Amino acid sequence: MAVSDKPIWVTIITRRGGNMLFSYPINEGAKRHFPDLYGLDIKFTNYIYRSPDGPIMMDAKELGIAAGVIKEKLEKGIWDIFTKPVYRQAKKLFNVAQKISKLNLISLDNAILKTWFQRYFDELTIFNPVYWGNPLAVMALEGIINEQLGERLEKSGKREKLEQYIETLIYPTRKSAIEQARVKLAELASKIQYNSDLKKIFLNPSDKLVTILQNEHLKFYSQIEKFVHHYAFINTDYWLGEPLSVKETLDNLQTYVKLKNAKQELIAIHKQEQERVKLADKLLKELAIKGKILKLIKFARELFTVKQYMREVSLRAGSEVRELFLEIGKRLGFTYKELLYFTPPEVIEALEGKLPKADVIRQRLERGFGLYLLHDKLRIIIGKELEKEVISFTGKKIENDELTGGIAYPGKYKGLVKIVHVREGSEKMQGGDVLVAPMTDPYILPAMLKAGAIVTDEGGLLSHAAIVAREERIPCIVGTQKATKILQDGDLIEVDAEGTQGIVRILKKVQDADK
């Protein structure tokens, strides 16, 4: 494939969070293993990614060639290459991660830690071309379906409904981990609500529940431990954030039992799934969709399922090796979060005795970084150089007036910030304020119920904040990492929990309002 002398940059993903340790193997995987994983003669030599929330940009010429090759395979019915390799490599990656999780890390010397770290990242780098291959396949397949279905709708005068119909017809064929966990949590809550002994126990302060359950209901406590082990990764985003804990799960169950009827919730979840399938089936019959286009739609559903699965595998495997990262960071004199801003080669070198400069790592963490692949040569850029490159690529400066996170409950809301910590700040909440907290728990529930919107630093879609927000229908964004550090009481913000990613926009800082 010819390399463009001057790439024309095209944004393929507007926003994507990430850190160095997570993002670097995606870039390396695309460079080194994409042809091997998919069996396609495609090579990527130009690529830009800006952390923490920047776009992913590719060379328009390389993107066009890749899209053409993939479209040709799809039109010929060669589909397995976009699914089977993902499942095969995911199994290898997770097997290594599980082996690492069972190691007695403290007893191992640096050389053995290095070997296991290298082994994990070798498998991760081979797996990570899926982050390029799957979106490209989805884009190509959507193009084919849009073209064929669009022609049919054109004849019936319904062309304007194409986007709506595509959204109805194409959906993942299996529950996401989040959806599975919601069901499991509701099942646990239902057991509490329909067992008088458990219901009485859960009236106790949350810090006493572990001891009481271990002594009086060990079987139920074991079910909670199993739930936490299986879904701990859900609270993390690109390996950032604290995994779901037993204490947090107990807090969530206490809140769940107070606010919801778990049995009705289970019925509602099941009904929602059935209605989605019925609606899609009804539309297929109404439009008389069959033959090749029906097969394409069914494969599109499978591709969306793979997209969901590959992200879950990365996060689940990352959760399994978290203790390895913690141990390495401790030995090198860095926190877990700081270690995530090493490149994998830097971790290897550090375990061999050559540490990177601490100020460089912290600058990547605090001010962001860029991965800039040009003509197959990778540069990592930070500081003023990053600012300069961003302006040259996008025509815009790096803005610090937005935060991003996961959407726990949809909606859009403007209001004044009130920073609330677990044991302080609740009293200053007024009706309609935006509650901003590191994370929430039952102690600040009264303050949460006054909020027009909720924003947290930590937590995922099963966190206490997410559960309260869903039940009370409060727009909520979780896992921003730094909302309490950037925002302060009195700031006017917009919480935009619509679309695929939550965005917190700073409309007016309190010092600006005072001028």
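Right above here is the structure, for reference.
First, a word on scope: everything that follows refers to the structure included in this document. (Residues numbered from 1 in each chain as written. Predicted model: local features only at pLDDT ≥ 70, side-chain atom pairs only at ≥ 80, totals over all residues. Heavy atoms only, no water.)

A few points about the sheet that holds strand β5 (residues 377–381)
Pairing between sheet strands relies on hydrogen bonds along the backbone, with the strands arranged either parallel or antiparallel.
(1) Moving on: One open sheet holds the five strands; their spatial order is β1-β3-β2-β4-β5, and the pairing between them is antiparallel. A strand with exactly one partner marks an edge of an open sheet, and here the two such strands are β1 (9–13) and β5. Averaged over all pairs of adjacent strands, the angle between their axes in this sheet comes to 20°, without regard to strand direction.
(2) Moving on: Across five bridges, the pairing between strand β2 (residues 47–51) and strand β4 (residues 369–374) is antiparallel. Within β4, the position partnered with Ser51 by the bridge is Phe369.
(3) Moving on: Contacts from helix α1 (residues 20–32) reach β2, β4 and β5, with the element oriented near 10° to β4.
(4) Moving on: In this fold helix α3 (residues 60–75) packs onto β1 and β3 (56–59), with an angle of close to 80° to the strand it touches most, β3. (Pairing = 2+ DSSP bridges. Helix = DSSP H or I, 4+ residues; strand = E, 2+ residues; numbered from the N terminus. Axes fitted to C-alpha atoms, helices over the stretch in contact; angles between N-to-C directions. Contact = heavy atoms within 4.5 Å.)

Some details on the packing of helix α11 (residues 218–231) against helix α12 (residues 246–259)
(1) Moving on: Close contact between α11 and α12 brings their axes to 10 Å; oriented N to C, the two are set at 110°. With respect to their mutual orientation, α11 and α12 come out roughly perpendicular. Classified by chirality, the crossing of α12 by α11 is right-handed. Contacts between α11 and α12 involve Tyr221, Ile224, Glu225, Phe227 and Val228 from the former and Val246, Thr249, Leu250 and Leu253 from the latter.
(2) Moving on: Across the contact of α11 with α12, the residue classes tally to seven nonpolar, one polar and one charged. (Parallel < 35°, antiparallel > 145°, perpendicular 65-115°, else oblique. Left-handed = near helix turned anticlockwise from the far one by under 90°. Nonpolar A, V, L, I, M, F, W, Y, C, P; charged D, E, K, R; others polar.)

A short note on unusual backbone geometry
(1) Moving on: In this model, His375 sits at a positive phi of 55°, which is unusual for a non-glycine residue.
(2) Moving on: At Arg473, a position not held by glycine, the phi torsion is positive, near 60°.
(3) Moving on: Counting through the fold element by element, Arg473 comes out in the loop between α21 (464–472) and β10 (476–478).
(4) Moving on: Relative accessible area serves as the criterion here: at 65%, Arg473 is assigned to the exposed category. (Buried < 20%, exposed > 50% of the residue type's maximum accessible area, 1.4 Å probe, protein only.)

A closer look at the pattern of salt bridges
(1) Moving on: For the structure on display, the rule yields 21 salt bridges.
(2) Moving on: Its salt-bridge partner being Glu312, residue Arg174 comes within 3.6 Å of it at the nearest N-O pair. With a gap of 138 residues between them, Arg174 in the loop between α7 (162–169) and α8 (177–193) and Glu312 in helix α14 (residues 291–320) connect regions that are remote in the sequence.
(3) Moving on: Accessibility expressed as a relative area gives 31% for Arg174, which makes it partly exposed.
(4) Moving on: Of the charged contacts in the structure, one is a salt bridge between Asp251 and Lys247, with a shortest N-O distance of 3.0 Å. Of the two residues, Asp251 and Lys247 are both situated in helix α12; the distance of four residues between them amounts to about one turn of the helix. (Salt bridge = Lys/Arg side-chain N within 4 Å of Asp/Glu carboxyl O.)

A look at the sheet that holds strand β7 (residues 411–419)
(1) Moving on: Taken together, the seven strands give a closed barrel; going around it, the order is β6-β10-β9-β8-β7-β11-β12, and neighbouring strands pair in mixed fashion. Taken over all neighbouring pairs, the strand axes of this sheet differ in orientation by 35° on average, direction set aside.
(2) Moving on: The pairing of β7 with strand β11 (residues 492–497) spans six bridges and is classified as antiparallel. Bridge pairing in β11 places Tyr413 opposite Val495.

Quick look at α1
(1) Moving on: The end-to-end C-alpha separation of α1 is 18 Å, in line with the 18 Å expected for 13 residues at 1.5 Å each.
(2) Moving on: Within α1, eleven of the 13 residues are buried, which leaves it mostly tucked inside the rest of the structure.
(3) Moving on: By the burial criterion, the buried members of α1 are Met20, Leu21, Phe22, Ser23, Tyr24, Pro25, Ile26, Asn27, Glu28, Gly29 and Ala30.
(4) Moving on: If you check the start of α1, you find a side-chain oxygen 3.3 Å away from the backbone N of Leu21, and it comes from Asn19. (Expected span 1.5 Å × (residues − 1). Polar contact = N/O pair within 3.5 Å; in protein donor to acceptor, adjacent residues only side chain to side chain.)

Things to note about the nonpolar core
(1) Moving on: Formed by 124 residues in total, the largest nonpolar core has its most connected members in Tyr120, Trp239 and Phe325.
(2) Moving on: Beyond its immediate stretch of four places on either side in the chain, Phe325 contacts Leu21, Phe117, Tyr120, Phe121, Trp239, Tyr336, Leu339 and Leu340. (Core = buried A, V, L, I, M, F, W, Y, C linked by side-chain atoms within 4.5 Å.)

Focus: the side chain of Ser206
(1) Moving on: Position of Ser206 relative to the elements: it lies in helix α10 (residues 206–216).
(2) Moving on: Look at Ser206 and you get buried, because its relative accessible area is 9%.
(3) Moving on: Contacts of Ser206, omitting those with residues within four sequence positions, involve Lys247, Asp251 and Gln254.

Focus: the environment of Met448
(1) Moving on: With respect to the helices and strands, the residue Met448 is situated in helix α20 (residues 445–448).
(2) Moving on: Considered as a pair, Met448 and Lys414 are 34 residues apart in the sequence and their alpha carbons are 16 Å apart.
(3) Moving on: If sequence neighbours within four positions are ignored, Met448 has contacts with Leu435, Thr440, Ile454, His464, Ala465, Val468 and Ile474.

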